[in-house]
Amino acid sequence: MLRSFHSLPEDSRIWIFQSNQFLSPQQINSINFELNRLLGSWISHQESLHAGFIILHDLFVIIGLDQNQTASGCSIDAMMHAVQRIEKKIGGTLLDRTHVAFQSNGKIRIVQLNEFQELIEKNEINQSTQVFNNLISSKKELLTHWKVSIEKSWHNRYLT
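Predicted model only: the values in this text are computed from it and were never measured.

### A short note on the sheet that holds strand S4 (residues 51-56)
Two strands in a sheet stick together by hydrogen bonds in their backbones, pointing the same way (parallel) or opposite ways (antiparallel).
Thought 1: Pairing is antiparallel in the open sheet, where 3 strands are placed in the order S1-S5-S4. Two strands lie at the open edges of the sheet, namely strand S1 (13-18) and S4, each paired on one side alone. Adjacent strand axes in the sheet meet at a mean angle of 15°, parallel and antiparallel pairs treated alike.
Thought 2: Sheet topology note: the S1/strand S5 (residues 60-65) ladder contains 6 bridges and is antiparallel. Note that in S5 the partner of Trp15 across the bridge is Ile63.
Thought 3: On the sheet, helix H1 (residues 25-40) packs against S4 and S5 and is oriented at approximately 170° with respect to S4.

### Overview of helix H2 (residues 73-90)
Think of an α-helix as 3.6 residues a turn; residues three or four steps apart then line up on the same face.
Thought 1: If you check H2, its first and last C-alpha atoms are 26 Å apart, about what 18 residues at 1.5 Å a residue would give, namely 26 Å.
Thought 2: Ser75, Ile76, Met79, Ala82, Val83, Ile86, Glu87 and Ile90 are the residues of H2 that are buried. Angular distribution of buried residues about the axis of H2 spans 145°; they occupy a single face of the element. Along H2, the residues that are exposed and aim more than 90 degrees away from the buried face are Cys74 and Lys88.
Thought 3: Where the residues of H2 are buried, they touch S1, H1, strand S2 (43-44) and S5.
Thought 4: Positive backbone phi, at 70°, marks Gly91, one or two positions downstream of H2.

How each quantity is defined
- Residues numbered from 1 in each chain as written.
- Predicted model: local features only at pLDDT ≥ 70, side-chain atom pairs only at ≥ 80, totals over all residues.
- Heavy atoms only, no water.
- Pairing = 2+ DSSP bridges.
- Helix = DSSP H or I, 4+ residues; strand = E, 2+ residues; numbered from the N terminus.
- Axes fitted to C-alpha atoms, helices over the stretch in contact; angles between N-to-C directions.
- Contact = heavy atoms within 4.5 Å.
- Expected span 1.5 Å × (residues − 1).
- Buried < 20%, exposed > 50% of the residue type's maximum accessible area, 1.4 Å probe, protein only.
- Arc of directions from axis to C-beta.

Keep in mind these values describe shape, not function.
Pasting the structure below:
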């Protein structure tokens, strides 16, 4: 059952899908349509799942699931297949984990991981640069630990 993302409890499980480019209004409309359709009828073992989604910064598609319910492997597979359909429909990538999003001079930048490493080596970004840690898994973490300094995220392995 589709819910407003904001109404989901803080312990809700989340999945973050980052685009490799900023999404256009048409791409966002396509994503909204597909996710409304999926989450409006998303089930696990014949039970409706309470889930919602949000698109942030025209870059991140975040799906949340109320943790009072358990998503089966089949229901998670259905979500992943829907994301793959969305990728084809929008002509972009949401499942490619080789891009890093970070904030520089007040703007969000997206670069491939190897370029991210080069920027660190050139000292163009440093341990205090704010990155988006898409490995978090709860709505509470989204609110408190999603955008953090490199030194407080998994990205710190690239610091020299």
